[in-house]
Amino acid sequence: MTGWNVRDVPDQRGRTAVVTGANSGIGYVTARELARRGARVVLACRSDRRGGAAVDRLCGEVPGADVRFRPLDLADLGSVREFAAAYRGADDRLDLLVANAGVMALPQGRTADGFETQFGVNHLGHFALTGLLMPALLATPGARVVSVSSALHRLANIDIDDLHSERPYRRWIAYGRSKTANLLFVHELARRLAATGSDLVAASAHPGYAATNLMTAGPKMEGRRAAELFMDAGSRFFALSPEAGALPTLYAATAPSVRPDSFTGPSVLGRRGSPAKASRAGWTRNDTAGRRLWEASERLTGVTYDALKV
């Protein structure tokens, strides 16, 4: 991986990618660079206005890019099902699913389906989306699923008896749990794929400390102007650019040497530098925890991975 950068992204012509949360930040950069290499890219975003604007911006930066917007609200399983049904109705293959969208350190809240917001959006929404798109992924030779986690998964292991962080709610612990869930999901998905003999690769990545709107979303929701300005200043002076933050995701999505259940992040202390193997908490490789989270996620979302029953 030494020195790997955006110029090393392989030719993506003939491939189709779905990138969630692609209207800004590392999601937008990921979608743009995949399109620049010739991929057909679906920008899956919650806001029609921001999704449409992102398509216009991307086409301005990459003339001739084959990109389109489709609405997806990961906080609403009805929206997830509508997105997956529309995708399957238009295409029977999918080369790459980048589960990038997320929320961070929000005040306590609930999704449309009653899930704690961070766990619901960061994990359950993507769990349901991946399961609903699994037939297209399995039908596509060399396909990949990439889940964007965080180095902050180390803040907390999941609590299978308190998946919605009710005892009590602490926003950063809830965030850490949701990011641990991302890694456990990839671990269990990779195990199930191997058991069924599939060549679909499930991998994960994290951007380090990247300048995105995640940092200011929580304070903005609560009207905490001073905290919002503090987070914004930290992003401007200390964080990686979205272009640099997207490199681990692009590596996990495209590099030929990526292995199942790998975790890629910035090489220098997990904060900056070219993509490298990232450190992860031991609990993110626990088979029992991965299986229990999987079973709970199927029960909560109603989405079952019938092709991967083991």
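As the structure is a prediction and not an experimental result, all values here were calculated from the model.

Caption draft 1: Just the packing of aromatic side chains, in detail. Using the criterion set out here, one finds 7 aromatic pairs in the structure. On the numbers, 5.6 Å between centres and 65° between planes, the contact of F127 with F185 is edge-to-face. One end of the pair, F127, is in helix α4 (residues 117-138); the other, F185, is in helix α5 (residues 171-196), and 58 residues separate them in sequence. Grouping aromatic residues by their ring pairs yields a cluster made of F127, F185, W294 and Y305. Sitting above the plane of the Y28 ring, R57 keeps its charged end 4.0 Å from the centroid.

Caption draft 2: Inspection of the environment of K309 at higher detail. If you trace the backbone, K309 turns up in the segment after α10 (287-301). Excluding residues that lie within four positions of it along the chain, K309 makes contacts with R192, E298 and T304. Side chain to side chain, K309 and E298 meet in a polar contact 3.4 Å long.

Caption draft 3: Focus on the packing of helix α3 (residues 77-90) against α4. Two elements in contact, α3 and α4, have axes whose closest approach is 9 Å; the angle formed by their N-to-C orientations is 25°. Judged on the interaxial angle alone, α4 and α3 are roughly parallel. Helix-helix and strand crossings are classified by hand; for α3 and α4 the assignment is right-handed. Contacts from L77, V80, R81, F83, A84, Y87 and R88 of α3 reach α4 at G125, A128, L129, L132 and L133. Looking at side-chain class alone, the contact of α3 with α4 contains 9 nonpolar, 1 polar and 2 charged residues.

Caption draft 4: Structural detail: the pairing of strand β6 (residues 201-205). Most of β6 is tucked away, with 5 of its 5 residues classed as buried. Where strand β5 (residues 144-148) and β6 come together, 5 bridges link them in parallel fashion. Note that in β6 the partner of V145 across the bridge is A202. For the segment spanning β5, α5 and β6, crossover handedness is right-handed. Alignment of β6 against strand β7 (residues 263-268), held across 2 bridges, turns out to be parallel. When the sheet's bridge partners are listed, A205 is paired in β7 with T264.

Reading the values: the criteria
Residues numbered from 1 in each chain as written. Predicted model: local features only at pLDDT ≥ 70, side-chain atom pairs only at ≥ 80, totals over all residues. Heavy atoms only, no water. Phe/Tyr/Trp six-rings, centres within 6.5 Å; stacked < 30°, edge-to-face > 60°. Helix = DSSP H or I, 4+ residues; strand = E, 2+ residues; numbered from the N terminus. Lys NZ or Arg CZ within 6 Å of the ring centre and 35° of its normal. Contact = heavy atoms within 4.5 Å. Polar contact = N/O pair within 3.5 Å; in protein donor to acceptor, adjacent residues only side chain to side chain. Axes fitted to C-alpha atoms, helices over the stretch in contact; angles between N-to-C directions. Parallel < 35°, antiparallel > 145°, perpendicular 65-115°, else oblique. Left-handed = near helix turned anticlockwise from the far one by under 90°. Nonpolar A, V, L, I, M, F, W, Y, C, P; charged D, E, K, R; others polar. Buried < 20%, exposed > 50% of the residue type's maximum accessible area, 1.4 Å probe, protein only. Pairing = 2+ DSSP bridges. Right-handed = clockwise from strand over helix to strand, strands pointing away.

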